[in-house]
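The chain contents come next:
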Amino acid sequence: MDTTTTGTEVELAIGGMTCASCAARIEKKLNRMDGVTATVNYATEKARVSRSDEVSVQELIATVESTGYTAKEHRPARAEPRTGDGDGAEGRDGDGEGAAHDELRALRERLVTAVVLAVPVVAMAMVPALQFTYWQWLSLALAAPVVTYAAWPFHRAAYVNARHGAATMDTLISVGTSAAFLWSLWALFLGTAGTPGMKHPFELTIARGDGAGNIYLEAAAGVTAFILAGRYFEARSKRKAGAALAALLELGAKDVTVLHPDGGERTVPVSELKVGDRFLVRPGEKIATDGTVVEGSSAVDASMLTGESVPVEVSAGDPVTGATVNSGGRLVVRATRVGADTQLARTARLVSDAQNGKAAAQRLADRISAVFVPVVIALALGTLGFWLGNGSGLTAAFTAAVAVLIIACPCALGLATPTALMVGTGRGAQLGILIKGPEVLESTRRVDTVVLDKTGTVTTGRMTLLAVHTAGGTDRDEVLRLAGALEHASEHPVARAVAEGASAAAGPPPAPEQFANVPGLGVRGVVEGHAVLVGGERLLARQGVELPPDLGRAKERAEAAGRTAVAVAWDGEARAVLEVADAVKDTSAEAVRRLRALGLTPILLTGDNRAVAVSVAREVGIDADDVIAEVLPEGKVDVVRRLQEQGRSVAMVGDGVNDAAALAQADLGLAMGTGTDAAIEASDLTLVRGDLRAAADAIRLARRTLGTIRSNLFWAFAYNVGALPLAAAGLLNPMIAGAAMAFSSVFVVGNSLRLRSFQAADGPVSGPA
């Protein structure tokens, strides 16, 4: 064990936890240490600990072990092929994979033993026709291994907790089953239950009597089997719920072909890649790490990482993301990020962080679980005393007390939040929606206003050729071919927009001659024998060329809409006006409709002039009154703060460094994954795709996850509140109580797993959600 780790945060893998009360005890013990703040998650079996440098990892581990559990420093997950047996036992980290598999296998062996032996015991107790002369002694022989071997994890945990002066749900199970078994031994050996021919009719209610002729072996064996079944399916479901993180890690390539400066090639593990290395990606191969294309062109399939079904065309100079697939030609890529800095690794880290956190509802459940067990034990003793004092007989009193112990186990309460959070965040990661923490879920419920940054969020963030207005008798393709030839030689953003638009519409441009850049005005040159001018109206005026009235009006309309007007002239005559602007994304209008359907009021925020902002807002369906324009970068956070002061709960969607402060200030920050690292780090939700519709999907998913948590907590609370009085009143057989308790946990996990069916919205939204 490395005990020299430095820093302020460490993650521990916790072993031996069997319920939410265990997690609460460990968390309480760690938080008593000076300079330590800890959060323990029962579902993920992890402890996230913030510590001062004076506190070593070994001290943290020793504290956990002194509480009766095991701990070790969690090793980062590695993207290696899993070797599970199909039983959901794959580990969530490289060190713990074998241990997790062994733990589940041992649990399965105990469950099989319990079921095989308990079924005939329960059958004989329930069906009088099966009660032959010495049936009760066969029941004892079958039930003994169940209560000892199969139930051993419960007894061991109860003993360890008792040594530390604590009681958990295992205490309830151990005490309840042991009491039923020991009572049966007394009745068989010292009472009248061992008499040959004894009959034991099965009843759902409590029969009055002295108890000397009654045995509860079916309760002890049946409860153990039911609870083991619940624990086993819980364990499988927890691993299944966390499979999204493992699947993310497996997306990455394992090997990479590195190109050396001398032209040689060498295949090495991805872990050996360094920033600046050039590597080869053949058609059909995964891109090894984040980088920039330096040679070749191809279509890249990023669907596994972003959810986008359409491959993206890339060529020299374009960024590519690790784990995406090269669908077409040969690419040479220069690595820009490796290891933990890649988008895939950051995605996995965000998902892991989210699953390890706790929502406000979960913190409440943990506090309740911590005091619940002692209260239940007191209630069981009170029930025993009440029935004895009421003259109802020892059998009725004892059976009611055991039923209270068994029915009370609030395992469902401990699982209500973590399982829903694990499944919800995992499903979000598959859809390109990264939820940073559980507290985010509470924010999505309250949000009523969504502030949309314009550039890069609602619009593409790059200049695009939007329209071509030609003078009478001028061919549009000829305008684009001649203008594109000159603009192709310029590096100006407006020139690049014209060049790209011209190439797309009219094909590859011809080579210009006598090209010259006129600073601040435009460019000129000779193309196919024509003296061509491309730029502002002042450039044409300097050469004595005037815009005809129809082109002049087109220029004025373009500028009124906030677009850049580019004039084109050749051979001394103005031929066209081109409109260039930051184009609105095709999906933005649909995204705004979906946000409105969620009950949100969209507001457009930008540093551009108001004419541009209103034009974009009109195109996507935002009211002009909801446009805030000409805002300096540092003023965006003030806008968010002002809206909050008006009583609004604000969500902010942005992608740039200048949006980071506003994203952090907002009640809910959503960063476009195509944006800057600063924006992503400051946000609560990250949208891997550059599609604003994902914002609506993210809010829907977060709200649905929160709804699942709330429904889980309701049923867990309702179950305990409703069942405890029945048990205390002597109206529940202990075996029925055990079955119901186990079912409640399985129900909560199953309800959470329904989140796996969540789908991103397809098609237009026609009405309110």
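Basis of the calculations
- Residues numbered from 1 in each chain as written.
- Predicted model: local features only at pLDDT ≥ 70, side-chain atom pairs only at ≥ 80, totals over all residues.
- Heavy atoms only, no water.
- UniProt positions renumbered as here; feature names shortened; annotations may be inferred.
- Helix = DSSP H or I, 4+ residues; strand = E, 2+ residues; numbered from the N terminus.
- Buried < 20%, exposed > 50% of the residue type's maximum accessible area, 1.4 Å probe, protein only.
- Contact = heavy atoms within 4.5 Å.
- Areas by Shrake-Rupley, 256 points an atom, 1.4 Å probe, with all protein chains shown as cover.
- Salt bridge = Lys/Arg side-chain N within 4 Å of Asp/Glu carboxyl O.
- Phe/Tyr/Trp six-rings, centres within 6.5 Å; stacked < 30°, edge-to-face > 60°.
- Pairing = 2+ DSSP bridges.
- Core = buried A, V, L, I, M, F, W, Y, C linked by side-chain atoms within 4.5 Å.
- Patch = residues over 30% accessible without salt bridge, like charges linked within 9 Å, V, L, I, M, F, W, Y side chains within 5 Å.

- Under an unreviewed UniProt entry, the name given to the protein chain is Cation-transporting P-type ATPase B, and the source organism is Streptomyces fructofermentans.
- According to its UniProt record, the protein chain has this under Catalytic activity (unreviewed entry): "ATP + H2O = ADP + phosphate + H(+)".
- Quoted verbatim from the Sequence similarities (unreviewed entry) heading of the UniProt record, the comment on the protein chain is "Belongs to the cation transport ATPase (P-type) (TC 3.A.3) family. Type IB subfamily."

**Concerning the overall build of the protein chain**
Then comes step 1: If you tally the helices and strands in the protein chain, you get 26 helices and 26 strands.
Then comes step 2: The buried share of the protein chain, reckoned over its 769 residues, is 54%.
Then comes step 3: Across the protein chain, every contact between residues at least 6 apart in sequence was considered, and the portion connecting residues at least 24 apart equals 70%.
Then comes step 4: Summed over its atoms, the accessible surface of the protein chain is roughly 31,600 Å², and 55% of this surface lies on carbon and sulfur atoms.

**Re the UniProt feature "transmembrane region" (unreviewed entry) in the protein chain**
Then comes step 1: The sites that UniProt annotates as "transmembrane region" (unreviewed entry) are residues 111-128, 134-152, 172-195, 215-233, 368-388, 394-417, 713-729 and 735-753.
Then comes step 2: Within the segment residues 111-128, helix and strand shares are 89% and 0% respectively, and the terminal C-alpha atoms sit 26 Å apart.
Then comes step 3: Note that residues 134-152 is 89% helix and 0% strand, and that its end C-alpha atoms are spaced 27 Å apart.

**A short note on unusual backbone geometry**
Then comes step 1: Here the phi dihedral of Gln514 falls at roughly 50 degrees; this positive angle occurs in a residue that is not glycine.
Then comes step 2: Within the secondary structure, Gln514 is located in strand β17 (residues 513-518).
Then comes step 3: Backbone geometry places Asp571, a non-glycine residue, at a positive phi of 55 degrees.
Then comes step 4: Structurally, the position occupied by Asp571 is in the loop between β20 (564-570) and β21 (573-584).

**Considerations on the environment of Ala180**
Then comes step 1: With respect to the helices and strands, the residue Ala180 is situated in helix α6 (residues 169-189).
Then comes step 2: Distance in space between the C-alpha atoms of Ala180 and Ala219 is 6.8 Å, their sequence separation being 39 residues.
Then comes step 3: What Ala180 contacts, discounting residues up to four positions off in sequence, is Tyr216, Ala220 and Phe398.

**A word on the environment of Ala629**
Then comes step 1: Relative to the elements of secondary structure, Ala629 occurs in the loop between β23 (627-628) and α22 (636-645).
Then comes step 2: Separated by 25 residues in sequence, Ala629 and Leu604 have C-alpha atoms that sit 7.9 Å apart.
Then comes step 3: If we skip the residues at most four places from it in the chain, Ala629 touches Thr606, Asp608, Asn609, Arg610 and Ala613.

**What to know about the pattern of salt bridges**
Then comes step 1: With the rule as written, the count across this model stands at 13 salt bridges.
Then comes step 2: A salt bridge links Arg593 to Glu590, with the nearest nitrogen and oxygen atoms 2.6 Å apart. In this pair, Arg593 and Glu590 both sit in helix α20 (residues 588-597), 3 residues apart, roughly one turn of the helix.
Then comes step 3: One salt bridge in this structure joins Arg693 and Asp691, with 2.8 Å as the shortest N-O distance.
Then comes step 4: Within this structure, Glu265, Arg282 and Glu285 form a network of salt bridges that share partners.

**Some words on the packing of aromatic side chains**
Then comes step 1: Within the structure shown, the criterion is met by 4 aromatic pairs.
Then comes step 2: On the basis of an interplanar angle of 75 degrees and a centroid distance of 5.7 Å, the ring pair of Phe386 and Trp387 is categorised as edge-to-face.
Then comes step 3: Ring plane angle 80 degrees and centroid distance 6.1 Å describe the contact between Trp715 and Phe747, whose orientation is recorded as edge-to-face. In this pair, Trp715 sits in helix α25 (residues 693-728) while Phe747 sits in helix α26 (residues 734-753), placing the two residues 32 residues apart along the sequence.
Then comes step 4: With a relative accessible area of 46%, Trp715 lands in the partly exposed category.
Then comes step 5: Under the relative-accessibility criterion, Phe747 is labelled partly exposed at 32%.
Then comes step 6: Taken together, the aromatic side chains of Phe714, Trp715 and Phe747 make up a single cluster linked through ring pairs.

**Focus: the pairing of strand β13 (residues 331-335)**
Side-chain direction in a regular strand flips from residue to residue, so the side chains alternate between the two faces of the sheet.
Then comes step 1: With 4 of 5 residues buried, β13 lies mostly within the body of the structure.
Then comes step 2: Bridge analysis of strand β7 (residues 278-281) against β13 gives 4 bridges, and the strand direction is antiparallel. Each residue of the ladder has a partner; that of Arg278, found in β13, is Arg334.
Then comes step 3: When strand β8 (residues 291-295) meets β13, the two strands line up antiparallel, connected through 4 bridges. Bridging from a neighbouring strand, Val293 pairs with Val333 of β13.

**Here we look at the sheet that holds strand β10 (residues 312-314)**
Then comes step 1: The sheet built from 3 strands is open, its strands ordered β10-β9-β12 with antiparallel pairing. Among the strands making up the open sheet, the edge pair consists of β10 and β12 (325-326).

**Focus on the nonpolar core**
Then comes step 1: Ranked by size, the top nonpolar core spans 51 residues in total, and within it Leu452, Val458, Leu604, Leu668 and Leu670 carry the most contacts.
Then comes step 2: Among the elements that make up this core, the one with the highest residue count is α25 (10 residues).
Then comes step 3: Dropping the residues within four chain positions of it, Leu604 is found in contact with Leu452, Lys454, Val458, Ala613, Val616, Ala617, Ile622, Asp626, Val627 and Ile628.
Then comes step 4: Within the second largest apolar cluster, 39 residues are counted, among which are Leu107, Leu117, Trp135 and Leu140.

**So, a nonpolar patch on the surface**
Then comes step 1: Taken together, the side chains of Phe714, Trp715, Phe743 and Phe747 present a nonpolar region at the surface, about 460 Å² in accessible area.
Then comes step 2: Breaking the nonpolar patch down by element, the ones donating at least two residues are α25 and α26.
Then comes step 3: As for its position among the elements, Phe714 is in helix α25.

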